[in-house]
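Here is how the chains run, residue by residue.
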Amino acid sequence: MPDYIKPIYNAVLNFDIDLVKKLVSEAIDKGIDPIEIMNEGLSKAIVEIGDKFGREEIFLVELMVAADACKAGVEIVKKNILDSEIKAEKPKGVIVIGTVEGDIHNIGKDILKTLLETSGFEIHDIGVDQPADNFIKKAVSIDAKLIGSSALLTTTSPNQKEIEKKLQEAGMKGKIKTIIGGAATNSEWAKEIGADFYASTATEGVKIIKNYFKGE
Ligand code: B12
């Protein structure tokens, strides 16, 4: 891990929200790649924190503080890169994203949102714990061509299948495409439920989404 990313990683591991904010701001000022800050610093740290929690080395409250530290870091990255990016005059595509019903994990979804916004897409984030219907209603109301759903729990990933089912029922399957992601998903799951695309990381998701809208 590069020298300048390590302190950010350590600050999340030490549950130090203020230090995370300070270090992320400094790293951006120094011109460090924001994607590296999110992927190598913040994401890797929260996964390590999760492993520690699994080994019963830390308490749930500490996991939650670390998650807040991570989110605070993502927010700073987002604010800074959005300010510095030259926004596309016309959005490259309109997309609805959210986390499925029963699931409140949002760090990964927020990273995806940040990367897509900075790539010039218009993102409508419906938030966490969202029933399948809400994804579809939102997409139809704003004429979005893509729905991105995140699921981190094996108990909530079936709600991604529900999105496909509801799209079918609404006669919108194929007209509105779907991409799924989150730790509880994989390419087999995407195939099984009939999702159009799957990405294991937000960066890969952006590549797939760019390609899709290029061919639109
Ligand atoms: C942080 C965390 C929490 C935080 C969430 C805080 C928040 N604001 O998000 C808190 C403490 C609240 C929490 C709660 C729970 N959690 Co939790 N949590 C995690 C942890 C440690 C990290 C998740 C994370 O943020 N990772 C970092 C991000 C960046 O990664 P990511 O989400 O996978 O996203 C990346 C990609 O997947 C992709 N991506 C994500 N979404 C999408 C969407 C699209 C469309 C695309 C293209 C890409 C994409 O882009 C991201 C960047 O590359 C994981 C462990 C792990 N290893 O994942 C457990 C984990 C997900 N949690 C778990 C569990 C069980 C729970 C609880 C049920 C615990 C409990 N007993 O109460 C609750 C559930 C609450 C609920 N109803 O949702 C389990 C799930 C097990 C399972 N297979 O079902 C895990 C795997 C831990 C474990 N090993 O047991 N959790």
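Residues numbered from 1 in each chain as written. Predicted model: local features only at pLDDT ≥ 70, side-chain atom pairs only at ≥ 80, totals over all residues. Heavy atoms only, no water.

This part covers the site of the ligand. Residues in close proximity to the ligand total 32 residues, the closest being Ile104, His105, Asn106, Ser150 and Thr154. Take isoleucine 104: an N or O atom from its main chain is 2.7 Å from an oxygen atom of the ligand. Of all the elements in the fold, those that place two or more residues in the shell around the ligand are helix H3 (34-54), helix H4 (60-84), helix H5 (107-118), strand E3 (146-150) and strand E4 (177-181). Its residues placed into classes, the shell around the ligand shows 16 nonpolar, 14 polar and two charged. Looking at which domains feed residues into the shell around the ligand, each of domain 1 (6-84) and domain 2 (94-215) supplies at least three. (Near = heavy atom within 4 Å. Polar contact = N/O pair within 3.5 Å; in protein donor to acceptor, adjacent residues only side chain to side chain. Helix = DSSP H or I, 4+ residues; strand = E, 2+ residues; numbered from the N terminus. Nonpolar A, V, L, I, M, F, W, Y, C, P; charged D, E, K, R; others polar. Domains from an automatic or database assignment.)

Let's shift gears to the sheet that holds E4. As summarised here, the arrangement of the five strands in space is E2-E1-E3-E4-E5, forming an open sheet in which the pairing is parallel. Edge positions in the sheet fall to strand E2 (122-125) and strand E5 (197-198), since each of these pairs with one other strand and no more. With five bridges connecting them, strand E1 (residues 94-99) and E3 associate as parallel partners. Note that in E3 the partner of valine 96 across the bridge is isoleucine 147. Docked against the sheet, helix H6 (residues 132-142) engages E1, E2 and E3, running at close to 165 degrees with respect to E1. (Pairing = 2+ DSSP bridges. Contact = heavy atoms within 4.5 Å. Axes fitted to C-alpha atoms, helices over the stretch in contact; angles between N-to-C directions.)

Per the domain assignment, the segments making up the protein chain are domain 1 (6-84) and domain 2 (94-215). Each side of the interface is counted separately: domain 1 has twelve residues, and domain 2 has ten residues. With both chains or domains summed, domain 1 and domain 2 bury close to 990 Å², and 71% of this area falls on carbon and sulfur atoms. For the pair domain 1 and domain 2, the interface holds two salt bridges. Measuring nitrogen to oxygen at the nearest pair gives 3.7 Å for the salt bridge that ties lysine 78 to glutamate 117. At the boundary of domain 1 with domain 2, the tally comes to three residue pairs in polar contact (both at pLDDT 80 or more). Of all elements in the fold, only H3 and H4 reach the threshold of two or more residues within the side of domain 1 that touches domain 2. Ranked by the residues each element gives to the side of domain 1 that touches domain 2, the list is headed by H4, at seven residues. In terms of residue class, the side of domain 1 that touches domain 2 is made up of eight nonpolar, two polar and two charged. (Buried area = accessible area lost by both parts, 1.4 Å probe. Salt bridge = Lys/Arg side-chain N within 4 Å of Asp/Glu carboxyl O.)

With that settled, the discussion passes to the pairing of E2. As judged from the four bridges shared by E1 and E2, these two strands associate in the parallel manner. Bridged to isoleucine 97 within E2 is aspartate 125. Considered for its hand, the β-α-β crossover made up of E1, H5 and E2 is right-handed. (Right-handed = clockwise from strand over helix to strand, strands pointing away.)

Now for the environment of phenylalanine 135. Checked against the element boundaries, phenylalanine 135 lands in helix H6. Taking relative accessible area as the criterion, phenylalanine 135 reaches 0% and is therefore assigned buried. Separated by 31 residues in the primary sequence, phenylalanine 135 and lysine 166 place their C-alpha atoms 9.6 Å from one another. Beyond its immediate chain neighbours, meaning those up to four positions away, phenylalanine 135 contacts Val96, Ile97, Gly98, Thr99, Val100, Ile126, Gln130, Ile147, Gly148, Ser149 and Ile163. (Buried < 20%, exposed > 50% of the residue type's maximum accessible area, 1.4 Å probe, protein only.)

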